[in-house]
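Overview (structure and organization)
The primary structure of each chain is shown beneath.
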Amino acid sequence: MSKKFEAAVFNQKVRDCLSIGEQHVDLDDDWAEIHYIEINAGSLQEARQVASRKFPAMKGFVVRDVEEVKEFF
């Protein structure tokens, strides 16, 4: 069964560029701030893996946190 997770992601390279008054070549400045990305996965571990693949560290992305989204009815 698939669950809904939320990953908190930002880009350190964008933050570094902005700190010296420059812009990142490929990414918008808003990537310096945390983006909350919804991920559907079977487990927390799987959600972390999906986030890491979609937002690779080698491109400057930092997956700060991944949490399960609790549904309230």
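This structure is a prediction, so every number in the text was calculated from the model and none was measured.

Each value, and the rule that gives it
- Residues numbered from 1 in each chain as written.
- Predicted model: local features only at pLDDT ≥ 70, side-chain atom pairs only at ≥ 80, totals over all residues.
- Heavy atoms only, no water.
- Pairing = 2+ DSSP bridges.
- Helix = DSSP H or I, 4+ residues; strand = E, 2+ residues; numbered from the N terminus.
- Axes fitted to C-alpha atoms, helices over the stretch in contact; angles between N-to-C directions.
- Core = buried A, V, L, I, M, F, W, Y, C linked by side-chain atoms within 4.5 Å.
- Buried < 20%, exposed > 50% of the residue type's maximum accessible area, 1.4 Å probe, protein only.
- Contact = heavy atoms within 4.5 Å.
- Polar contact = N/O pair within 3.5 Å; in protein donor to acceptor, adjacent residues only side chain to side chain.

Here we take up the sheet that holds strand E2 (residues 35-41). As summarised here, the arrangement of the three strands in space is E2-E1-E3, forming an open sheet in which the pairing is antiparallel. Of all strands in the sheet, those with a lone pairing partner are E2 and strand E3 (61-68), marking the two edges. Taking each pair of neighbouring strands and ignoring which way they run, the sheet shows an average axis angle of 30°. Where strand E1 (residues 3-11) meets E3, seven bridges bridge the pair, whose relative direction is antiparallel. Across the sheet, Ala 8 pairs through a bridge with Asp 65, a residue of E3.

This part is about the nonpolar core. Ala 7, Val 9, Trp 31, Ile 39, Ala 47 and Phe 55 are the most contacted members of the largest nonpolar core, which totals 15 residues. Among the secondary structure elements, those contributing two or more residues to this core are E1, E2, helix H2 (44-54) and E3.

Turning next to the environment of Phe 10. Tracing the sequence through the fold places Phe 10 in strand E1. With relative accessibility at 8%, the residue Phe 10 sits in the buried group. Note: C-alpha distance between Phe 10 and Glu 33 (23 residues apart in sequence) is 5.7 Å. Sequence-distant contacts of Phe 10, that is, excluding residues within four places in its chain, are made with Arg 15, Trp 31, Ala 32, Glu 33, Ile 34, Gly 60, Phe 61 and Val 62.

Attention shifts here to the side chain of His 35. Relative to the helices and strands, His 35 resides in strand E2. For His 35, the side chain forms a polar contact with the main-chain oxygen of Glu 33, separated by 3.1 Å. Look past the residues within four positions of His 35 in its chain and what remains in contact with it is Ala 7, Ala 8, Val 9 and Asp 30.

Here the focus is the side chain of His 24. Position of His 24 relative to the elements: it lies in the loop between helix H1 (12-19) and E2. Among the residues examined, His 24 registers a relative accessible area of 19% and is labelled buried. Side-chain polar atoms of His 24 contact the backbone nitrogen of Asp 26, separated by 3.0 Å. Within the structure, His 24 has its side chain in polar contact with the backbone nitrogen of Leu 27 (distance 3.1 Å).

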